[in-house]
Amino acid sequence: MNLRTVLFYVCAASFLAVGLKELLTGFEDNRCSMTYMFEYPQYLRVPLPRRVARLYPAYGLYLYGEGRYAQETRELHLFGVPLLFLPGNAGSYKQARSLGSVALRKAERMEGGVHFNVFTVDFNEELVALYGGSLRRQTHFLHESIKAILKLYKHLKTPPQSVALVGHSMGGVVARALFTLPHFNTKLVNLIITQASPHVAPVLAMDPYLLDFYSSVSQKWLKQAKKLKNITILSVGGGYRDYQVRSGLTSLPSSPPEDPNKLSVVVTAVPRTWVSTDHLSIVWCKELVLATVRAFFDLIDPESRQLTEDPEKRMSVLNQHFLPHSIPMLGDTEEISITVADAAQVWSEVNTLRLTYSTTKEIEVRHFLFALSSRRKTYSHFYCRSSNLDKSSWVYGCTHRNASSCVHAVDLSKGTELLPPYKVLTLSISDLSSFTHLVVSASNLNGKRFMVECEWQRQKSVSLSVPVPHVLSFGWTVSDITINLTGLLHTIELQHFSQVYQAFRISVVSQCKAQKDRLPSVYRIKVPWFLEDSLTTASVPSVTEISGTLHTCSPDNVSSVHLQLHTAPNCQYKVSVRTSLPMVLGQVLRFFGPMVPTYTSVTLLLACGVQLCSLLTSRQPAATHLLLGQSFQPHKVNMPVYFIHVILSCKWAKDVWSLLGLPPMDVAPPTFPNETVNEGMTAGLEWPHLLHPLLYIFGAAVAFWGSTLLTVITRLMSLILAVLHRPSISSECGTLQLRTQLLVTLLLTVVGATCCGALSIFAAFLLHLYRVLRLQMTERYLSHILNLVPQKHKGNAHSSKAKECNGTSALLSELALQEARDDLQLHLTLCALFTVPVMLSTPSLLHWIRNLRYSSQLEPDPCWPYFVPVIFAYMLLISANASKLSNSKLLNLTSFLPLPVSIAMVTFSPLHLYRVTYFLLVVLIPLALCCVF
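Keep in mind it's a predicted model, so treat the numbers as computed, not measured. (Residues numbered from 1 in each chain as written. Predicted model: local features only at pLDDT ≥ 70, side-chain atom pairs only at ≥ 80, totals over all residues. Heavy atoms only, no water.)

Things to note about the nonpolar core
Grouped burial of nonpolar side chains is what soluble globular proteins tend to show. By size, the foremost hydrophobic cluster in this structure holds 136 residues, and its most contacted members are Ile-492, Leu-494, Ile-506, Leu-563, Val-575 and Leu-877. It is helix 21 (residues 800–850) that provides the largest number of residues to this core, a total of 13 residues. Ignoring anything within four residues of it in the chain, the contact list for Ile-506 reads Leu-494, Ile-525, Thr-544, Glu-545, Ile-546, Gly-548, Leu-563, Val-575, Ser-576 and Val-577. Residues Tyr-56, Leu-99, Phe-141 and Leu-165 belong to the second largest nonpolar core, which totals 97 residues. (Core = buried A, V, L, I, M, F, W, Y, C linked by side-chain atoms within 4.5 Å. Buried < 20%, exposed > 50% of the residue type's maximum accessible area, 1.4 Å probe, protein only. Helix = DSSP H or I, 4+ residues; strand = E, 2+ residues; numbered from the N terminus. Contact = heavy atoms within 4.5 Å.)

Some thoughts on the sheet that holds strand 21 (residues 478–483)
The 4 strands lie next to each other as 21-28-23-26, forming an open sheet whose pairing is antiparallel. Looking along the sheet, the strands with just one partner apiece sit at the ends: strand 21 and strand 26 (542–548). Between one strand axis and the next, the sheet turns by 15 degrees as a mean value, whatever way the strands run. Looking at chain direction, strand 23 (residues 504–512) and strand 26 are connected through 7 bridges and run antiparallel. (Pairing = 2+ DSSP bridges. Axes fitted to C-alpha atoms, helices over the stretch in contact; angles between N-to-C directions.)

What to know about the side chain of His-168
By the element assignment, His-168 lies in strand 5 (residues 164–168). For His-168, a relative accessible area of 2% gives the class buried. In contact with His-168, other than residues within four places in its own chain, are Phe-85, Leu-86, Pro-87, Gly-88, Gln-95, Gln-195, Ser-197, His-279, Leu-280, Ile-282 and Val-283.

Overview of the sheet that holds strand 5
An order of 1-2-4-3-5-6-7-8 is seen for the 8 strands of this open sheet, with the pairing classed as mixed. In this open sheet, the two edge strands, each paired with only one partner strand, are strand 1 (41–45) and strand 8 (262–266). For this sheet, the mean angle separating the axes of adjacent strands, direction not counted, is 25 degrees. Pairing of strand 5 with strand 6 (residues 191–195) involves 4 bridges; the strand directions are parallel. When the bridges of strand 6 are listed, Gly-167 appears paired with Thr-194.

Quick word on the pattern of salt bridges
Within the structure shown, the criterion is met by 17 salt bridges. Salt bridges sharing partners connect three or more residues here, namely Glu-39, Glu-66, Arg-105 and Glu-108. (Salt bridge = Lys/Arg side-chain N within 4 Å of Asp/Glu carboxyl O.)

Re the packing of helix 12 (residues 581–592) against helix 18 (residues 691–721)
Packing of helix 12 against helix 18 leaves a shortest axis separation of 12 Å and a crossing angle of 85 degrees. When the interaxial angle is binned, helix 12 and helix 18 end up roughly perpendicular. Every residue of helix 18 that contacts helix 12 at Leu-585, Val-588, Leu-589 and Phe-592 is listed here: Leu-691, Leu-694, Leu-695 and Phe-698. Taken together, the residues of the contact of helix 12 with helix 18 break down into 8 nonpolar, no polar and no charged. (Parallel < 35°, antiparallel > 145°, perpendicular 65-115°, else oblique. Nonpolar A, V, L, I, M, F, W, Y, C, P; charged D, E, K, R; others polar.)

Observations regarding a nonpolar patch on the surface
Where nonpolar side chains cluster on the molecular surface, the patch consists of Leu-472, Phe-474, Trp-476 and Leu-690 and spans about 520 Å² of accessible area. Relative to the helices and strands, Leu-472 resides in the loop between strand 20 (463–467) and strand 21. (Patch = residues over 30% accessible without salt bridge, like charges linked within 9 Å, V, L, I, M, F, W, Y side chains within 5 Å. Areas by Shrake-Rupley, 256 points an atom, 1.4 Å probe, with all protein chains shown as cover.)

What to know about the environment of Val-641
Tracing the backbone through its elements, the reader meets Val-641 in helix 15 (residues 634–647). A relative accessible area of 12% means that Val-641 is categorised as buried. Put simply, Val-641 and Met-905 are 264 residues apart on the chain and 9.8 Å apart in space, counted from C-alpha to C-alpha. Residues in contact with Val-641, not counting those within four places in the same chain, are Met-665, Ile-903, Val-906 and Thr-907.

A word on the state of the cysteines
Two cysteines joined by a covalent bond between their sulfur atoms form a disulfide. For the structure on display, the rule yields 4 disulfides. Disulfide partner of Cys-32: Cys-285, at an S-S distance of 2.2 Å. An S-S torsion of about -90 degrees defines the bridge between Cys-32 and Cys-285 as left-handed. Note that Cys-32 is positioned in the loop between helix 1 (3–25) and strand 1 and Cys-285 in the loop between helix 8 (281–284) and helix 9 (286–298), a separation of 253 residues in sequence. (Disulfide = S-S within 2.5 Å.)

Notes on unusual backbone geometry
Looking along the chain, the bond that leaves Val-540 and enters Pro-541 is cis, with omega of -5 degrees. One can find Pro-541 in the loop between strand 25 (534–538) and strand 26. Geometrically, the link from Glu-859 to Pro-860 is a cis peptide bond, its omega value of -5 degrees lying close to zero. Locating Pro-860 in the fold gives a position in the loop between helix 21 and helix 22 (867–878). In the Ramachandran plot, Phe-474 falls in the positive-phi region, its phi being about 55 degrees despite a non-glycine side chain. Within the element layout of this structure, Phe-474 appears in the loop between strand 20 and strand 21.

Right under this line is the structure:
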């Protein structure tokens, strides 16, 4: 094996491993609190109509309960508010226990007996993220479940008219798909909350049913946006811990300001949560569950005792609980009156630029006055923070005052933002023209100590900027900035930081002159175009490292990320930004990892083409380990694809492309917020040209080491199989006679048509694998014979007849060994290529196996269009050998096909993985015919 080839693939695998490690482990520890049940959870099955039970035998509807509540609801005599939980890909209906238990505990503390009845759907833990054939069935069953739930409340005078839905993962997508049903009453659902649901596009497009489902959902919500504008949807992404569904995919295709009733947010930006969740913990993360349950209880209308029908009220409540802060207009504030009759109240006027006050433990009422008249021309903002996390009123605008206090004031604290250690409020002085003073309340009514810090600010002095290093600087270039100002808030614009392939290590070093009690610093990565902010709390002084990565790209390519620093006074801060290569590789795999299987298939296909060219020129197949080195030709694949992309930027080329009926090019996955599936599949001009060669290298590394692993496995398996078979010196071992081939092909076709196409493909692959194992056994046996012949030759040196006999035997053995090795190299290459259709059809096979007790036939079957040609090619190629193929008249044409097919595969398959099999058949079928003609 060429040493340079091995070193290249070692380096490629190392980069791939570094990227995978960063993707799977390069994030914060799980800081979610576990949600525990106070009593044993119980799931009461809700009876469904016979027609529904017969149509969906694998599905079920349950009511969650605990303890006394479970006993009271055993007869399904319900009085609460219906809430339905939908599990996602391979999810269990029992995941509803976190939401249900917290809702029960909160209802116990509520007056008036208001509570939620939490229902949950059993979707049989189907793999709907990989097999899309069940999504329509789940949607119809969900419709029937909603109707069955509402029937349980018919005995009430004012029964609920709708059911709120909480969907995890693909359950959230199924919830939105309800509105695509032709006879669905849109009034049955007016509130949907989704958790880590990939609304923009599927993570992996393994079959056409999955993409058709997404397309119908997207088109329905876009075309009938006005009709569905009263449906309130909240989508919550899990952050960087969720490597299964990146948060960019959870963005709703229509979000504010286009649709004010749709809201997308990453969990790290949710107040009182501020943690990243993995794909499963987002269901039970106590911080997020509490925020969700609080929102549900605030959504209850006190008159109807059901969820409010007012969409503005729903959105207002969700904004309050899931946005960092909601900024009200000054006209919406309520005027309040502050009385001074109580002698316990203390009023202090602050004439300095900054206030630092620490309350005593004793209960007291204290107010601070800040005069606006002397500050309007000099300062632009007023900033204040308090470690008292009570979000009640605490900052006011004074409209009338007497000698020492304020008599009438307007509450200005509705724009308060909660941060982990304190609450903050920033007011623009230009909006305060109707007030004479600002009043900050530092009242210690609960007897707990807390601090208040306020200051006047000039926006220009606290706003800085620094250009980030280039993504290809590999960490050698550092951009840094030192903050010597003594302000409490600084904002640094990270110029040109707007793309998801950028990744930085941001180091913040704080130094203080004197040690004393200080509020901790808070560093926030603030993204202007999407609610994906992340916060880091640090003590002072300290050295803090922050990961600078994005979930989405800037839509306008102009906006940049901001680093917001809530700092301690009289401290110096130094901020350094450097590119992190491991994080860049992790981001590439996070966004473009699903495209790697296509490049792996391209590498294996080109290796097969090199093998065929070797047969055509030298009549001997090349060694498998040499093929992947010779077939690494990214320029021959990526350059034509790039040329096609440039041509299609012209309008006339697009028109010709449409006339030919060709589908859009697969260029880059959706990376912008509010982007639809179809838009994401045609966008991508802004991506660097090094991206596709890098993905090609990753795919080639997977192909090389995967083929090496396959070779090792076949050798080990052949040793085990040798115990069951007598040794053979024929290279035809493991082949099937023509009659047997026809019978097996017919049998596998029937099995695929009546049961599952993937099962037939897998069986045909096993038959070919058996052929490879027998060839491996034959090659090993003939090698042993040749090692023994020279010894026999020496032992019969005095017999000329023995010499002649042994010489002939050695010659025959060498010819047989060479023939066996040639066939083995050929079939190892074919076996590696055959694994691709098997891997792509595995999800449907697993789905069929899991549902075998309900139905023996997979319906719908994504393999039905191609499983017969695949079986035909596999069965013919079982009997293929090097000499037969080298003499075929079709070999010249077949050896020409892999390169153009690879170009077409890179053009149309990166985001449609199921198309890879169709492209492989363009080469496999002519190759199989070479065995006949």
